[in-house]
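Fold and geometry: a report
One letter stands for each residue in the lines below.
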Amino acid sequence: MDEKSIDKDVILKELDELHNLDHNYADGRILGSMCTEAHPFAKEIYYKFLDTNLGDPGLFKGTKLIENKVIESMGEILSIEKPYGHVVTGGTEANLMAIRAARNHARKYKGIVDGEIIIPESAHFSFKKAADMLNLKIVEADLDDNYKINVGSVKRLISDKTVAIVAIAGTTELGLIDPIEEISKIAYENNIYFHVDAAFGGFSIPFLRDMGYDLPVFDFSLDGVCSITIDPHKMGLAPIPAGGILFRKEEYLDVMAVDSPYLTVKTQSTIVGTRSGAASAATYAVMKYFGKKGYSKLIKELMDNTQFLKENLEKIGYEIVCEPELNLIAFNHPNMETNEFAEKLEGFGWKVSVAKCPVAIRVVLMNHIKLNHLKELVEDLKEIF
Ligand code: 0PR
């Protein structure tokens with residue numbers, strides 16, 4: 001650290017230089033990100049609420065009400081009238097809270113000590129972190145031929161140590177929706193906690209279903225679903241860090257509560273103590289500003305872009321891994337190794353992401369990738385072919 005104060009202009013110049021090393025969403029070249037540029041109005045509101053601390057909600061009563069309203073609004077799109085939950089930093093923290101709730105609940109009501117969680121092979125790596133921190137064993141369910149969780153495999157893996165089953169609504173690598181209705185039934189019948197990770201799909205599937213897209217039901221309308229992760233900082237156009245964790249019952253928060261004696265509230269269930277209310281306020285603002293109509297229009301455009309890319313990939317001769325269900329498409333060159341193909345695309349200036357299961361180039365068609373970028377991509381793909 002410097003001894004004396006440095007001139008603001010000097011600091012700004014240095015920071016700008018470093019910031020210039022970052023890639024810009026606006027270039028439309030970032031193909032593998034589930035995050036995108038936040039809406040300008042959301043950014044404005046974020047800044048306004050920077051000093052608020054939801055870790056001590058008695059001091060920030062208004063901001064706490066905003067967080068509650070955001071949870072309620074997300075509950076509405078996930079078919080629950082009175083959800084319990086929090087705005088957190090993202091999908092990782094939301095999943096960690098869900099698994100912590102499941103573990104504590106099973107410990108309290110079933111006496112399970114060395115618990116296990118059943119997750120699909122396609123689950124995001126955040127569940128590995130959760131299992132590690134919570135001292136749980138991961139039991140991986142197989143995927144079926146369509147890369148979705150194999151229901152039979154889940155059934156077989158249930159044991160008297162199972163504290164939670166997890167399924168995904170919008171997988172990280174392929175954007176697929178697991179057969180959540182079937183898993184929900186199994187979880188309900190076996191009295192096992194069921195968590196749905198809709199970090200990616202939470203802000204799109206409900207609107208797509210309303211518009212008549214043939215997508216499976218994945219939300220609290222299914223009796224077995226105990227909690228859902230839904231991330232405003234992915235498809236919700238809220239600034240990073242904004243995640244959401246919603247629970248069906250208050251008791252799932254209660255089993256995580258620890259005493260916080262000197263605060264304005266007497267217990268705390270979140271993992272983070274001091275936590276900014278900026279994400280709550282920004283999410284509230286962008287959800288109000290867009291409304292269902294705005295989000296529907298956005299996802300419709302992104303689905304149209306997905307369709308455009310898919311048709312062109314097929315026309316050129318690329319192999320699509322599976323029929324896209326959301327705004328994500330994975331594909332391969334018919335006779336070039338994926339890493340070599342990825343390098344070629346990088347050579348054309350595209351920031352690509354390679355899926356592992358199955359190995360493929362994955363493109364997440366977020367809001368920063370416009371039709372003109374896709375047309376450029378198609379031209380480059382023709383040249384590589
Ligand atoms: N659940 C699912 C289904 C996810 O896809 C992700 C992240 C998470 C949970 C964890 O969310 P947070 O990263 O908010 O904690 N999915 C992306 C991924 O890991 C996140 C991402 C975003 C990666 C932008 C790269 C990137 O440039 O692939």
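Since the structure is predicted, the reported quantities are computational estimates derived from the model, not experimental observations.

A few words now on the overall build of the protein. Along the backbone of the protein there are twelve helices and 13 strands. Taken over the C-alpha trace, the protein has a radius of gyration of 22 Å; the compact-globule value for 385 residues is 21 Å, and the two agree within 12%. By principal-axis analysis of the C-alpha atoms, the protein measures approximately 65 × 65 × 45 Å. Across the 385 residues of the protein, 46% fall into the buried class. Across the protein, the fraction of contacts at a sequence separation of at least 24, relative to all contacts at a separation of at least 6, is 71%.

Right, let's talk about the site of the ligand for a bit. Neighbouring residues of the ligand: 16 residues in total, closest S33, G90, G91, T92 and T172. Its residues assigned to classes, the shell around the ligand shows five nonpolar, nine polar and two charged.

As a further point, take the nonpolar core. The biggest cluster of nonpolar side chains holds 109 residues, and the ones touching the most others in it are I117, I165 and A282. Sort the elements by how many residues they give to this core and helix 10 (residues 278-316) lands first, with 14 residues. The residue makeup of this core includes at least three contributed by each of domain 1 (8-38 + 292-384) and domain 2 (41-287). Contacts of I165, omitting those with residues within four sequence positions, involve I118, V154, I183, A187, I192 and F194.

Attention now goes to the packing of helix 2 (residues 40-48) against helix 10. Contact geometry for helix 2 and helix 10: axes closest at 8 Å, N-to-C directions at 150°. With respect to helix 10, the axis of helix 2 lies roughly antiparallel. Regarding helix 2 and helix 10, the two cross each other, and that crossing is right-handed. Taken together, the residues of helix 10 that come into contact with helix 2 (itself represented by F41, A42, I45, Y46 and K48) are A278, A281, A282, A285, V286 and Y289. Among the residues forming the contact of helix 2 with helix 10, the class breakdown is ten nonpolar, no polar and one charged.

UniProt records the feature "modified residue: N6-(pyridoxal phosphate)lysine" (unreviewed entry) for K234 in the present numbering. When you line up the elements, K234 lands in the loop between strand 6 (225-229) and strand 7 (243-247). With residues up to four places along the chain from it excluded, the contact list for K234 reads M34, C35, A199, F200 and F203.

An α-helical segment advances 3.6 residues per turn. Residues three or four places apart therefore align on the same side. Taking 1.5 Å per residue, 20 residues should reach 28 Å; helix 4 (residues 91-110) reaches 27 Å between its end C-alpha atoms and fits that length. Where burial is concerned, most of helix 4 is hidden: 16 out of the 20 residues are buried. Note on helix 4: the residue one or two positions beyond its end, G111, has a positive phi of about 70°.

Right, let's talk about the sheet that holds strand 6 for a bit. Spatially, the seven strands line up as an open sheet ordered 1-7-6-5-4-2-3, and their pairing is mixed. Here the strands that pair on one side only, and so sit at the sheet edges, are strand 1 (84-88) and strand 3 (137-141). Geometrically, the sheet is characterised by an average inter-axis angle of 20° between neighbouring strands, direction not taken into account. Bridge count between strand 1 and strand 7: five bridges; the pairing is antiparallel. Looking at strand 7, one finds that Y84 is bridged to F247.

Our focus in this paragraph is the confidence of the model for the protein. Caution is warranted with low-pLDDT regions, since their predicted coordinates should not be read in detail. Model confidence for the protein is summarised by a mean pLDDT of 97, while 100% of its residues fall at 70 or above. For this predicted complex, the interface confidence comes out at an ipTM of 0.98, alongside a pTM of 0.98.

Rules used throughout
Residues numbered from 1 in each chain as written. Predicted model: local features only at pLDDT ≥ 70, side-chain atom pairs only at ≥ 80, totals over all residues. Helix = DSSP H or I, 4+ residues; strand = E, 2+ residues; numbered from the N terminus. Rg over C-alpha atoms; globule rule 2.2 N^0.38 Å. Buried ≥ 20, exposed ≤ 12 C-beta atoms within 10 Å, placed from the backbone. Contact = placed C-beta atoms within 7 Å. Near = placed C-beta within 6 Å. Nonpolar A, V, L, I, M, F, W, Y, C, P; charged D, E, K, R; others polar. Core = buried A, V, L, I, M, F, W, Y, C linked by C-beta atoms within 7 Å. Domains from an automatic or database assignment. Axes fitted to C-alpha atoms, helices over the stretch in contact; angles between N-to-C directions. Parallel < 35°, antiparallel > 145°, perpendicular 65-115°, else oblique. Left-handed = near helix turned anticlockwise from the far one by under 90°. UniProt positions renumbered as here; feature names shortened; annotations may be inferred. Expected span 1.5 Å × (residues − 1). Pairing = 2+ DSSP bridges. pLDDT = per-residue confidence, 0-100.

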